[in-house]
Amino acid sequence: MTPTTVEAAPDTLVEVLRLPVWNTLAQRADSIRHTLPPRPEAIVARLAWLRSLTPEQARRAALLDHLDALCGHIAGHPALGYPADDPLPDAALQEAEGYNRQLTALIAAYRAARRNPPARGGGVDG
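Note that the coordinates shown come from a computational prediction; the quantities given were computed from them, not determined experimentally.

Novice: Outline the overall build of the protein, supporting the account with residue identities and numerical values.
Specialist: Along its length, the protein carries 5 helices and 0 strands. Mapped in sequence order, the helices and strands of the protein form the string α-α-α-α-α. The buried share among the 126 residues of the protein stands at 34%. Considering only residue pairs separated by 6 or more positions, the protein has 62% of its internal contacts joining residues 24 or more positions apart.

Novice: With reference to specific residues and values, describe the packing of helix H1 (residues 10-33) against helix H5 (residues 101-115).
Specialist: Contact geometry for H1 and H5: axes closest at 10 Å, N-to-C directions at 145°. By crossing handedness, the relation of H1 to H5 is classed as left-handed. Two secondary-structure elements touch here, H1 through Pro 10, Leu 13, Val 14, Val 16, Leu 17, Pro 20, Val 21 and Thr 24 and H5 through Leu 103, Leu 106, Ile 107, Ala 109, Tyr 110, Ala 113 and Arg 114. A breakdown of the residues in the contact of H1 with H5 according to their chemical character gives 13 nonpolar, 1 polar and 1 charged.

Novice: Outline the pattern of salt bridges, listing residues and values.
Specialist: Taken as a whole and assessed by the stated rule, the structure comprises 12 salt bridges. With a shortest N-O distance of 2.7 Å, Arg 59 and Glu 56 are connected by a salt bridge. Pair noted here: Arg 59 and Glu 56 are both in helix H3 (residues 55-74), with a separation of 3 residues, about one helical turn. Look at Arg 59 and you get partly exposed, because its relative accessible area is 48%.

Novice: So, H5: which residues are in play, and what are the values?
Specialist: For H5, with 15 residues, the first-to-last C-alpha span of 21 Å sits near the 21 Å given by 1.5 Å per residue. Looking only at H5, the buried set comprises Leu 103, Leu 106, Ile 107, Ala 109, Tyr 110, Arg 111 and Ala 113. Between a side-chain oxygen at the N-terminus of H5 and the backbone nitrogen of Gln 102 the separation is 2.8 Å; the capping residue is Asn 100.

What counts and what doesn't
Residues numbered from 1 in each chain as written. Predicted model: local features only at pLDDT ≥ 70, side-chain atom pairs only at ≥ 80, totals over all residues. Heavy atoms only, no water. Helix = DSSP H or I, 4+ residues; strand = E, 2+ residues; numbered from the N terminus. Buried < 20%, exposed > 50% of the residue type's maximum accessible area, 1.4 Å probe, protein only. Contact = heavy atoms within 4.5 Å. Axes fitted to C-alpha atoms, helices over the stretch in contact; angles between N-to-C directions. Left-handed = near helix turned anticlockwise from the far one by under 90°. Nonpolar A, V, L, I, M, F, W, Y, C, P; charged D, E, K, R; others polar. Salt bridge = Lys/Arg side-chain N within 4 Å of Asp/Glu carboxyl O. Expected span 1.5 Å × (residues − 1). Polar contact = N/O pair within 3.5 Å; in protein donor to acceptor, adjacent residues only side chain to side chain.

What follows is the structure, encoded as structure tokens:
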């Protein structure tokens with residue numbers, strides 16, 4: 001019998017989830033990026049840019065930074081505040097939930113598998 005998605009090990013689900021979660025976060029980041037004035041790369045110019053934003057734009061800019069950091073983390077560039085050995089931080093899962101029914105179901109299965117990992121070996125059949 002092959003395991004269903006719900007019965008799969010967390011490591012297997014990480015591989016299934018990594019790209020769709022990254023894609024969802026990247027799409028959200030891109031949509032936010034298009035609603036903001038161009039963000040300069042130079043530090044001094046970026047500070048002036050931040051100060052020029054309305055409160056709503058500043059909120060979206062902060063979310064954009066958050067989503068970009070999570071995308072980087074999923075791609076293997078650990079983000080500050082998240083364990084380097086956590087391939088799918090809960091914050092990334094939360095930000096990806098609700099945008100795609102199938103992805104949301106996989107995220108729920110991943111969380112369940114993390115809480116109750118399948119037994120490995122040591123039993124009568126193992």
